[in-house]
Structure formats: C-alpha cells, structure tokens
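Structural overview for review
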Amino acid sequence: SGGSGGSGSSSSSSSSDLYETCGTKLGKMIKLLKALPSTERSLVFVQYKSLTDDVANVFQEAGISTLNLSTGTTVAKQKTLRRFTKEPSAPKVLLLEVDSANAAGANLTIANNVFFVSPVVSDTQQEYDAWETQAIGRVRRYGQEKTVRIWRFVAKGTIDEDIVRIRAPQVLEEAA
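None of the values given here were measured: they were computed from a predicted structure.

Conventions we followed
Residues numbered from 1 in each chain as written. Predicted model: local features only at pLDDT ≥ 70, side-chain atom pairs only at ≥ 80, totals over all residues. Heavy atoms only, no water. Pairing = 2+ DSSP bridges. Helix = DSSP H or I, 4+ residues; strand = E, 2+ residues; numbered from the N terminus. Right-handed = clockwise from strand over helix to strand, strands pointing away. Buried < 20%, exposed > 50% of the residue type's maximum accessible area, 1.4 Å probe, protein only. Salt bridge = Lys/Arg side-chain N within 4 Å of Asp/Glu carboxyl O. Expected span 1.5 Å × (residues − 1). Arc of directions from axis to C-beta. Core = buried A, V, L, I, M, F, W, Y, C linked by side-chain atoms within 4.5 Å.

1. Details of the pairing of strand β5 (residues 149-152)
As paired strands, strand β4 (residues 113-116) and β5 are joined by four bridges and run parallel to one another. Bridge pairing links Phe115 to Trp151 in β5. At this point the chain moves from β4, through helix α4 (residues 125-137), to the parallel β5, and the crossover so formed is right-handed.

2. Considering the pairing of strand β3 (residues 93-97)
Burial analysis of β3 places five of its five residues in the buried class, the great majority of the element. Here strand β2 (residues 66-68) pairs with β3 via three bridges, running parallel. Each bridged residue has a counterpart across the sheet, and for Asn68 the counterpart in β3 is Leu95. Handedness of the crossover joining β2 and β3 through helix α3 (residues 74-86): right-handed.

3. As for the pattern of salt bridges
In total, this model carries seven salt bridges according to the counting rule given. When the shortest N-O distance is used, the salt bridge between Asp53 and Lys49 registers 3.1 Å. Taken together, the residues Asp53 and Lys49, both in helix α2 (residues 49-61) and four residues apart, mark about one turn of the helix. As a salt-bridge pair, Glu161 and Arg165 come within 3.7 Å of each other at their nearest N and O atoms. Placement of the pair is Glu161 and Arg165 together in helix α5 (residues 159-167), with a separation of four residues, close to one helical turn.

4. What to know about α3
For α3, with 13 residues, the first-to-last C-alpha span of 18 Å sits near the 18 Å given by 1.5 Å per residue. Every buried residue belonging to α3 is among Lys77, Thr80, Leu81 and Phe84, and all of these are buried. The buried residues of α3 occupy an angular sector of 95 degrees when projected down its axis, which confines them to one face. The exposed set on the far side of α3, more than 90 degrees from its buried face, consists of Lys79 and Lys86.

5. Here we look at the nonpolar core
Core analysis: the largest hydrophobic core is formed by 25 residues, its most contacted members being Leu43, Phe45, Leu94 and Leu108. Counting residues per element, the ones that place at least two in this core are β1 (42-46), α3, β3, β4 and α4. Residue contributions to this core peak at four residues, all from α4. Leu26, Leu36, Ala56 and Ile64 belong to the second largest nonpolar core, which has 18 residues in total.

Spelled out as structure tokens, the structure:
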C-alpha cells in the first residue's frame with residue numbers, strides 16, 4: 001500500500017483511471033470535493049498517518065490541493081492551521097488524523113464539510129463516539145454560520161460496513 005505509485009500515467013487521469021488507482025471511496029470523495037463551491041472548506045479525517053499520506057498523494061494527483069496536519073513539527077502544524085483558517089488563497093482541504101490532538105481546541109468553523117474516509121476503528125463504543133464527536137465538533141460549534149455537512153464513506157460488503165453496523169447503525173439506515 002504505497003503512495004502515488006509509478007505507473008507513469010499523466011496527471012490528467014480520467015475518472016475511470018482514478019477509480020482503478022485509488023478506489024471507489026476516494027474517487028467519490030474527489031468528485032464531491034471538486035463539486036463543492038469554492039467558498040467552502042473541508043476537513044478530511046483519516047484514522048492512520050500512513051493512510052493520510054496516501055490520501056494526500058491521491059488528492060494531489062487528482063488536482064486537489066491539501067494541507068496536512070499529520071506531518072511536521074508543532075510549530076509547522078500551528079502554521080498549517082493558521083494558513084487554513086486565515087489565508088483565503090490556502091488550499092480548501094485540511095487532512096487530519098481522527099484520533100490526533102493536533103487540532104485540539106482549534107476553531108475550524110471556516111470549514112463546513114467533514115469527510116470520514118472510513119469508519120473509525122475503536123476498542124469501545126465510547127471511544128468511537130468520542131472521536132467522531134470531537135471530529136465533527138471542530139466545525140459544528142458556536143460561530144459556525146454555514147450549513148455543516150458530514151460525509152461518511154462506507155464500502156459495502158467490507159469491514160467498513162461491519163464497523164458501522166456495530167458502532168453507528170443509524171448511518172446505514174440513513175443511507176438506505
């Protein structure tokens with residue numbers, strides 16, 4: 001499960017090439033991100049750092065600029081947060097690890113879209129709820145003026161669906 005791969009394909013991939021290289025979930029996420037109004041910003045939550053790097057690479061290949069809060073020193077992470085929240089020309093997508101405290105306490109109400117690349121793997125229901133609540137709470141808080149949208153990506157017939165069935169069955173009911 002490496003990064004961007006070395007297939008030699010050009011950066012102007014068709015959507016079918018994109019699905020082959022990054023999977024249906026990321027392909028659909030890329031379509032959604034590209035369709036959002038340019039005035040909206042998004043938080044993309046990934047559970048594992050290695051996967052965060054892969055998502056960043058796939059987004060870059062798809063032409064989506066991101067800021068990544070999973071890499072760098074504490075000072076660099078603070079600069080990344082400041083850039084995302086204060087600079088109008090900054091990338092509109094911020095990648096975060098769902099269980100990281102990197103953005104703890106940060107007011108990210110500049111964003112109004114929350115994407116979960118996959119369901120959160122946790123030992124307990126309480127841990128699952130806490131991580132998801134904290135992630136969503138980064139944008140759904142006092143001062144938010146936009147409609148907040150939560151996007152969850154669950155691959156049917158996989159462990160994703162099993163996790164959601166156990167931890168958040170209402171999500172499957174809402175999608176049906």
